Every structure is written in C-alpha cells, then in structure tokens.
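Tertiary structure, described
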Amino acid sequence: MRQKIVAGNWKMNKNLVETKALISDLKAQANTSGARVIITPSFVNLALAVSETEGSGIEVAAQNMSQHDSGAYTGEVSAAMLKSAGVNVVILGHSERRAYYGETDALLVEKVNKALAEGMEVIFCFGEELEERKANKHFDVVASQISNALFHLEASAFKNVILAYEPVWAIGTGETASSDQAQEMHAFIRKTLADKYNADLASSVSVLYGGSCKPSNAEEIFSKEDVDGGLIGGASLKAVDFFGVINANK
Ligand code: PEP
C-alpha cells in the first residue's frame, strides 16, 4: 500500500551509547506529518533499538541482509536473525553496497527473494551515477536496475516492496536532485511498473527519494506527486534534522 515514509539510513554511524541517545532524542520529537518513520542502526545495535523504540511509532530496519539462511558465511546476518531481533524491514541494493561490496543485480535478486520469502519488507535502492546522467542514460539505468532485480516477482509481492530512487551523485554530496528531476524519475519508475505489471500496482507502490535530503529541501521534494517520502542519510543522524525532514512530508 502506498504510504508516506521517511527512513533514516544511519550507515556505519552511532555506537551503542550513541544509538540509545539518538533514539531518546528521536522520541522527544513530534511527528506532525503522519508519515511512517523508520531508522536503521547498525546490525550490532538493532535489538537495542527495537526495545528502545517500543511503543514510540518508530520502526527499526536493517541496512543489509544475507541471501543465505545460515551456515559458514562469516560476518553475515540472516533474515531469521533479523526477525528474531524484531526487525522486519531491510534496505537492499544501496549504492554503497553495490559500489564497495560488489553487490550485483543477480545477488540482489537472491537477497530480495530471501527477504520476501521470510515475510520481510524490502526498501530497494537504485539510481544512476553522474556520468550516466550526463550521458542521458539515467532512465535506461534505472529501468534496468529495477527490472533486473525485481521483475521476476509476482505482482502481489510488491505489497512488501518500497522503492528508493537514489541518484548516486546526490548521496552524501550535498547536491540534491531538483524536485523536478525527482518527480520526472519517479513518474518514469511508475510508468515502468505499469508497463510491466499494471497501473494499479504502479500507483500503489511507495517510491522514496534519497540524496542529500534535508529539512531545507525536503518539503519541496516531497510536494511532488510521485514522491512518497525519503531515504535520508546524513540528516537522519540528528533528531532535529530528521524530524525536520519527516515533518516536511505532509
Ligand atoms: C543514503 O545514503 O541513502 C542517503 C540518501 O544519504 P544522504 O542523505 O546523506 O545523501
């Protein structure tokens, strides 16, 4: 179901004490937008975050997940482990995972399949690099990232998929896509879904924007028809900034 969502990607930030402190600060803020609020502490702090956020309306998600069930995969974390810690949402396909850890579309198919089979919700990230946008290939890149990793799914599976368009050139750079660029791509994403599946599915999927979103630009971006909210990196690490973004999602 299409929803307003603001998810904070904490990346490799916040130790245990800092995680607790940030959650306490987040709980002191008021959500005046009605948007669904999700935070993603590191694996090691997920269980703590689940208990600290209990009853607050703030959900806890993971930043990644193994495609395997269990076994000799040193350093990996399974869906079952996440679920046993109370985590039922996972970010997959973030550009940093693709760029630094070699995550391919083929691997993401396996991860998406595993998460959905385990009843988890997936925040699936994709987006073009600067060179690709300059070469006017951004629509092709996005269409192939989505189709390669998701178009084997039955239409019904999309009820557990949230899409996050994150142009790589806007992540952590301070450079944001303009609201018109975001809207143009989000409309294209829905058209791509409608062409493959149907218009109802295309209009029922939540599509988030990510890339240097902050309180000063969030309202303009979120005001666009096809933008349902954001995946927020840097601005999710301070409660006041994060809620500035959340409360811009009217
Ligand atoms: C992200 O990493 O998903 C992200 C959007 O980061 P930032 O907001 O810092 O650009």
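Residues numbered from 1 in each chain as written. Predicted model: local features only at pLDDT ≥ 70, side-chain atom pairs only at ≥ 80, totals over all residues. Heavy atoms only, no water.

Right, let's talk about the overall build of the chain for a bit. In terms of regular secondary structure, the chain is built from 11 helices and 8 strands. Its C-alpha radius of gyration of 17 Å places the chain within 12% of the 18 Å reference for a compact globule of 250 residues. Looking at the chain as a whole, 52% of its 250 residues are labelled buried. For the chain, the share of sequence-separated contacts (at least 6 apart) that also reach a separation of at least 24 residues comes to 71%. Surface summary for the chain: the accessible area is close to 10800 Å², and the carbon and sulfur share equals 51%. Put simply, the chain has 23 plus and 31 minus side-chain charges, and the middle of one group is 2 Å from the middle of the other. (Helix = DSSP H or I, 4+ residues; strand = E, 2+ residues; numbered from the N terminus. Rg over C-alpha atoms; globule rule 2.2 N^0.38 Å. Buried < 20%, exposed > 50% of the residue type's maximum accessible area, 1.4 Å probe, protein only. Contact = heavy atoms within 4.5 Å. Areas by Shrake-Rupley, 256 points an atom, 1.4 Å probe, with all protein chains shown as cover. Lys, Arg positive; Asp, Glu negative; His and termini not counted. Charge placed at Lys NZ, Arg CZ, Asp CG, Glu CD.)

Applying the stated rule across the entire model yields 8 aromatic pairs. Three or more aromatic residues link up through ring pairs in this structure, and these residues are Phe-124, Phe-126, Tyr-165 and Tyr-209. Stacked on the ring of Tyr-101, the Lys or Arg Arg-97 has its end atom at 4.2 Å from the ring centre. (Phe/Tyr/Trp six-rings, centres within 6.5 Å; stacked < 30°, edge-to-face > 60°. Lys NZ or Arg CZ within 6 Å of the ring centre and 35° of its normal.)

The next thing to look at is unusual backbone geometry. A positive phi angle, close to 50°, is found at Lys-11, a residue other than glycine. One can find Lys-11 in the loop between strand 1 (5-9) and helix 1 (16-27). Of note, the phi angle at Asn-136 is positive, near 60°, even though the residue is not glycine. Within the secondary structure, Asn-136 sits in the loop between helix 6 (130-134) and helix 7 (138-150).

Moving on: the packing of helix 7 against helix 8 (residues 179-196). One way to put it is that helix 7 packs onto helix 8 with a least axis distance of 11 Å and a crossing angle of 45°. Compared by their axis directions, helix 7 and helix 8 come out oblique. Judged by the sense of rotation from one axis to the other, the crossing of helix 7 with helix 8 is right-handed. Packed against helix 7, whose contacting residues are His-138, Phe-139, Val-142, Ala-143 and Ile-146, the element helix 8 presents Glu-184, Met-185, Phe-188, Ile-189 and Thr-192 at the interface. Partitioned by chemical class, the residues of the contact of helix 7 with helix 8 number 7 nonpolar, 2 polar and 1 charged. (Axes fitted to C-alpha atoms, helices over the stretch in contact; angles between N-to-C directions. Parallel < 35°, antiparallel > 145°, perpendicular 65-115°, else oblique. Left-handed = near helix turned anticlockwise from the far one by under 90°. Nonpolar A, V, L, I, M, F, W, Y, C, P; charged D, E, K, R; others polar.)

As a further point, take the layout of surface pockets. Space inside the largest pocket adds up to approximately 480 Å³. Lining of the largest pocket is provided by 20 residues; of these, Lys-11, Met-12, Gln-63, Arg-97 and Tyr-101 occupy positions nearest its centre. Per-element tally for the lining of the largest pocket: the top contributor is helix 4 (residues 95-101), with 4 residues. By volume, the second largest pocket is sized at about 240 Å³. (1 Å grid on protein atoms, 1.4 Å probe; cavity = no way out; pocket = protein on both sides within 12 Å on 5 of 7 lines; lining within 4 Å. Points joined across faces, edges and corners; volume = space filled by probe spheres on them.)

We now examine the pattern of salt bridges. Counted under the stated rule, the structure contains 14 salt bridges. The residue Lys-11 makes a salt bridge to Glu-96 at a minimum N-O spacing of 2.8 Å. In this pair, Lys-11 is assigned in the loop between strand 1 and helix 1 and Glu-96 in helix 4, connecting sequence segments 85 residues apart. Look at Glu-96 and you get partly exposed, because its relative accessible area is 23%. In this structure, the salt-bridge partner of Arg-36 is Glu-59, at a minimum N-O distance of 2.6 Å. Within this pair, whereas Arg-36 is found in strand 2 (residues 36-40), its partner Glu-59 is found in strand 3 (residues 58-60), the two being separated by 23 residues in sequence. Exposure remark for Arg-36: the relative accessible area of 16% places this residue in the buried category. (Salt bridge = Lys/Arg side-chain N within 4 Å of Asp/Glu carboxyl O.)

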